[in-house]
Amino acid sequence: MSDKINHQRRRFLGIAAMTIATTQLGLFASANAQSQTKPAVLPMMKPGTNKSFGPLKQVDAGVLNVGYAEAGPANGRPIILLHGWPYDIHSYVDVAPLLASAGYRVIIPYLRGYGTTRFLSNETVRNGQQSALAVDIIALMDALKIEQAILAGYDWGARTANIIAALWSDRCKALVSVSGYLIGSREANKMPLPPQAELEWWYQFYFATERGKLGYEKYRHDFNKLIWRLASPKWNFDDATFDRSATAFDNPDHVSIVVHNYRWRLGLAEGESKYDEFEKRLATFPMITVPTITLESDANGAPHPDPSSYTQKFSGKYLHRTIKGGIGHNLPQEAPQEFAKAVVEVDGY
């Protein structure tokens, strides 16, 4: 058989196989190893449609055994979705099937101190500093043999994604970040804020005290439910929705990680020396060069920067979008359609 005929035969069989696979999976567009001329068309998803993921997975990665949910084809383009405090992977319970329907491999890990994620050693410092969480996700990518992924998140998750995009840009194909640029600096945090802004950070000062640590240990369920209400004042979540996430706060290291995170920010607790070089680089507020979409919600009751303050921190292709309709701080759970749309869109940049 000539090379020309052989080539045509292989091309025909390849197209036929692709057509069959696409039909069987009900995909609108492939997100794996091929260019997209336009973003996939996502099915409509009403917030609260889904209540749970399938069985969770566990993998040793760095200093952790990480618990995570996964959806979509194993050979799909990887997307890592990162939750914040005091939330958990259920922030993405509707986002994940939307992205899976477009052919993506969706991975939603519990951060250190949440859910089924555990430290491998009792001797490991229960450290909540910003770069430690980013190193955790790089270790997870290594463990899952993911060279590059789209990263998306809000709150702690957005900050973690920002850091990876800034320090390990080769591992981040594109970025979706709620509330924009959230990389912090302990030196910058020494500067006082106007009284109203300080009031919004009341829990940070509470955690700075031993009374606060004991109070969070004793009342973490009610405490975090209060944060949900303050951060999303127009989100009428029910008790069952909160309780599904609240189980993640029963992690034995949760209180230690949360309290250390906020004390470290204020310079009231030390980090680990192995992260010093990362923190030194982050203190310069490095540019993010990967394609990025930043999102903000119109009813975000949590402390957050004005979009005009961070636009210049993104030097690659960039878009900002405000999501309206009384959406609060937990944007992916409150507006899953818009969040998933941003992920697919930035993939096409």
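In this report, we go over the structure that sits alongside the text.

Rules used throughout
Residues numbered from 1 in each chain as written. Predicted model: local features only at pLDDT ≥ 70, side-chain atom pairs only at ≥ 80, totals over all residues. Heavy atoms only, no water. 1 Å grid on protein atoms, 1.4 Å probe; cavity = no way out; pocket = protein on both sides within 12 Å on 5 of 7 lines; lining within 4 Å. Points joined across faces, edges and corners; volume = space filled by probe spheres on them. Helix = DSSP H or I, 4+ residues; strand = E, 2+ residues; numbered from the N terminus. Buried < 20%, exposed > 50% of the residue type's maximum accessible area, 1.4 Å probe, protein only. Right-handed = clockwise from strand over helix to strand, strands pointing away. Phe/Tyr/Trp six-rings, centres within 6.5 Å; stacked < 30°, edge-to-face > 60°. Lys NZ or Arg CZ within 6 Å of the ring centre and 35° of its normal. Nonpolar A, V, L, I, M, F, W, Y, C, P; charged D, E, K, R; others polar. Patch = residues over 30% accessible without salt bridge, like charges linked within 9 Å, V, L, I, M, F, W, Y side chains within 5 Å. Areas by Shrake-Rupley, 256 points an atom, 1.4 Å probe, with all protein chains shown as cover. Salt bridge = Lys/Arg side-chain N within 4 Å of Asp/Glu carboxyl O. Polar contact = N/O pair within 3.5 Å; in protein donor to acceptor, adjacent residues only side chain to side chain.

Thoughts on empty space enclosed by the protein
Applying the stated criterion across every chain yields a total of one cavity of 30 Å³ or more. Its volume calculated, the largest cavity comes out at about 40 Å³. Forming the walls of the largest cavity are Gln130, Leu133, Trp156, Arg159, Thr160, Ile163 and Asn261. Looking at the lining of the largest cavity, the elements that each hand over two or more residues are helix 3 (130-143) and helix 4 (156-167). Counting residues per element, the lining of the largest cavity draws most heavily on helix 4, which supplies four residues.

Regarding the pairing of strand 3 (residues 78-82)
Most of strand 3 sits inside the fold, with five of its five residues counted as buried. The side-chain alternation of strand 3 yields two buried faces, one formed by Pro78, Ile80 and Leu82 and the other by Ile79 and Leu81. Handedness of the crossover is the feature at issue here: the chain leaves strand 3, passes through helix 2 (residues 95-101), returns alongside strand 4 (residues 105-109), and the resulting connection is right-handed.

Quick word on unusual backbone geometry
Most peptide bonds adopt trans geometry, and most residues besides glycine take a negative phi value. Omega for the peptide link from Trp85 to Pro86 comes to -5°, which places this bond in the cis form. Positionally, Pro86 belongs in the loop between strand 3 and helix 2. At Phe285, a residue that is not glycine, the phi angle is positive and equals roughly 50°. By the secondary structure assignment, Phe285 is in the loop between helix 10 (276-282) and strand 8 (292-297).

So, the packing of aromatic side chains
Overall, the coordinates contain 30 aromatic pairs when judged by the stated rule. A centroid spacing of 5.0 Å and a plane angle of 75° characterise the contact between Trp228 and Phe237, whose relative ring orientation is edge-to-face. Across this residue pair, the class does not change: Trp228 and Phe237 are buried. Relative to Phe237, the ring of Trp235 lies with its centre 5.0 Å away and its plane at 55°, an arrangement referred to as tilted. Aromatic rings pair up to connect Trp85, Tyr114, Trp156, Trp201, Trp202, Tyr203, Tyr206, Phe207, Tyr216, Phe223 and Tyr262 into one cluster. Lying over the aromatic face of Tyr181, Lys313 brings its terminal NZ or CZ to 5.4 Å of the ring centre. Just above the ring of Tyr349 sits the side chain of Lys317; from NZ or CZ to the centre is 4.5 Å.

Some words on the layout of surface pockets
Quantified by volume, the largest pocket comes out at close to 1,200 Å³. What lines the largest pocket is a set of 50 residues, and nearest its centre among them are Arg159, Asn189, Trp201, Arg265 and Pro303. Counting only elements with at least two residues in the lining of the largest pocket, the list comes to helix 4, helix 5 (195-200), helix 6 (202-207), helix 7 (210-231) and helix 9 (254-265). When grouped by side-chain class, the residues that make up the lining of the largest pocket number 29 nonpolar, 14 polar and seven charged. Estimated volume of the second largest pocket: approximately 290 Å³. In terms of lining residues, the second largest pocket is bounded by 19 residues, among which Pro47, Gly48, Trp235, Thr241 and Gln333 are the most central. Elements with a minimum of two residues in the lining of the second largest pocket: helix 8 (239-246) and helix 11 (331-334). In terms of residue class, the lining of the second largest pocket is built from five nonpolar, eight polar and six charged.

Let's talk about a nonpolar patch on the surface
A cluster of nonpolar residues, Trp202, Leu226 and Leu230, forms a patch on the protein surface that exposes about 250 Å² of accessible area. For Leu226, the position within the fold is in helix 7.

Focus on the side chain of Asn300
Among the secondary structure elements, Asn300 is positioned in the loop between strand 8 and strand 9 (318-323). A relative accessible area of 10% places Asn300 in the buried class. Within the structure, the side chain of Asn300 is placed 3.0 Å from the backbone nitrogen of Ala302, a separation counted as a polar contact. Here the side chain of Asn300 touches His304 through a polar contact of 3.5 Å, side chain to side chain.

Limitation: the analysis is restricted to geometry and does not speak to function.
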